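Each chain, written out:
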Amino acid sequence: MNKMSIAVLIGVLPLVAGSVVGQVATPPPGPRPEPPAFVPPPPPAPAAPRPQVQPQQLGRQLERLPDIPYIPLELVQYGEPLDLVAMGPNPTIGQSKAAELMPMLVGRRARHELVVLENLDFVLQINDGLLDDVSFQDIQRLVKVSDMVKPLVPPKGISQEAFDRGMLSRVQHEFNTKIVREYQNGMSEMFTADYGDEGLGEFFKFLMSESIKEAMAALDGMCIEATWRMDEVLGKAGLADTEVGKKLATITGSVETPWEELNDKAAEIQRVWGPWSLEEKKAFLNAVTTTRDDQYFPPIRMLNLDAVGWRDRTLDEDKKTTVRIRRRGDAPPRE
């Protein structure tokens, strides 16, 4: 990668990487209103505003985090946003926190649905592999793709918003940031080892895809939800009698359908609807939201943090306390 490519890359990197580790932004909307019309009230003024943490301050605070053992994230690409994945091995966050975080996650999904509908043309291009085709030797295309992605990047990450709302303590938020940063550093080293001089460009594409993961999940979520009431959605959109509509009518599921099958059905919908125009696809997705009991209350999976960060305090032969941490799945405990 030449010097000009690196300079441009460094210039656009903060635009898409900020939401992965959290950043300061405008406050989120207030609680969901009771009337059907979606007119969110302004957020209440905090009694004592939190001081904003500057990057250099955050670095010093991370060094003062409690020395609690945990299992780092594996160097693989995850399906969920990194902030949520990091809460698994985060030893300061347990399943009891999930119920408190769920309303915020529902609100974020609702906002991302609106963003997806407003930028559906870009979202579909990304879904078709736009980021995979980006060459970081082509500076003009790099800047163009970065501009396309920016509307899909949330103003702040999940952990940052939870901290700003008082749902996570400073230690919980910064421990999450620590786990995410360690993972990102490991992925950067892995890309460099695998791609050599092109590793920085590949790592940037990885960060870019991470930064829009919530938007892409919103698209898939609307498609999954459509399978629960496909006939109603197609009728509402006025697309039931189209050839594509007739094919989609056969793609059905329910809330009891295993999640892996639902993901497959969402992918199938996005293959079958190819002949539709952009406006027809937008009408279909709009119909998914307007056929809900509450248009701005999308269903999402319950956050599962159980059995991660679980500690078994035992005594070894020297009568010293040993802390074991067990992750979900088959990963062995770490001493």
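Residues numbered from 1 in each chain as written. Predicted model: local features only at pLDDT ≥ 70, side-chain atom pairs only at ≥ 80, totals over all residues. Heavy atoms only, no water.

### Considering the overall build of the protein chain
Counting secondary structure elements, the protein chain contains 14 helices and 2 strands. Evaluated residue by residue, the protein chain yields a buried proportion of 45% over its 335 residues. Contacts in the protein chain between residues at least 24 apart in sequence constitute 74% of all its contacts with a sequence separation of at least 6. Accessible surface, the protein chain: about 17600 Å² in total, of which carbon and sulfur atoms supply 52%. (Helix = DSSP H or I, 4+ residues; strand = E, 2+ residues; numbered from the N terminus. Buried < 20%, exposed > 50% of the residue type's maximum accessible area, 1.4 Å probe, protein only. Contact = heavy atoms within 4.5 Å. Areas by Shrake-Rupley, 256 points an atom, 1.4 Å probe, with all protein chains shown as cover.)

### Brief notes about the confidence of the model for the protein chain
Close inspection of predicted coordinates is inappropriate in any region flagged by low pLDDT. Looking at the protein chain as a whole, its pLDDT mean stands at 81, while 72% of the residues score no less than 70. Below a pLDDT of 50 lies the segment residues 22–59, which in the model reaches 41 contacts outside its immediate sequence neighbourhood of four places, other chains included. Segment residues 307–335 is flagged for pLDDT under 50; beyond a separation of four residues in sequence, or across chains, it makes 55 contacts in the model. (pLDDT = per-residue confidence, 0-100.)

### A look at the packing of helix α10 (residues 213–226) against helix α13 (residues 259–272)
At their nearest, the axes of α10 and α13 sit 8 Å apart, and the two run at 100° to each other. By the angle between their directions, the pair α10 and α13 is classed as roughly perpendicular. Residues Leu219, Asp220, Cys223 and Ile224 of α10 form the contact with α13, whose participating residues are Trp259, Leu262, Asn263, Ala266, Ile269 and Gln270. Each residue belonging to the contact of α10 with α13 can be placed in one class, and the counts come to 7 nonpolar, 2 polar and 1 charged. (Axes fitted to C-alpha atoms, helices over the stretch in contact; angles between N-to-C directions. Parallel < 35°, antiparallel > 145°, perpendicular 65-115°, else oblique. Nonpolar A, V, L, I, M, F, W, Y, C, P; charged D, E, K, R; others polar.)

### As for the pattern of salt bridges
Per the stated rule, a full pass over the model turns up 15 salt bridges. Residue Glu243 is joined to Lys246 by a salt bridge in which the shortest nitrogen-to-oxygen separation is 3.9 Å. Remark: Lys246 and Glu243 occur in helix α12 (residues 243–248); sequence separation between them is 3 residues, near one turn of the helix. Counted as one network, the salt bridges with shared partners bring together Arg108, Arg111, Glu161, Arg165 and Glu214. (Salt bridge = Lys/Arg side-chain N within 4 Å of Asp/Glu carboxyl O.)

### Brief notes about the nonpolar core
Core analysis: the biggest nonpolar cluster contains 44 residues, and Leu248, Trp273, Phe284 and Leu285 have the highest contact counts within it. For this core, the element with the most residues is α10, which contributes 8 residues. If near-sequence neighbours (up to four positions away) are discounted, Leu285 is found in contact with Leu117, Leu120, Leu219, Met222, Cys223 and Trp273. Of all hydrophobic cores here, the second largest spans 17 residues; its members include Tyr70, Val85, Ile179 and Met187. (Core = buried A, V, L, I, M, F, W, Y, C linked by side-chain atoms within 4.5 Å.)

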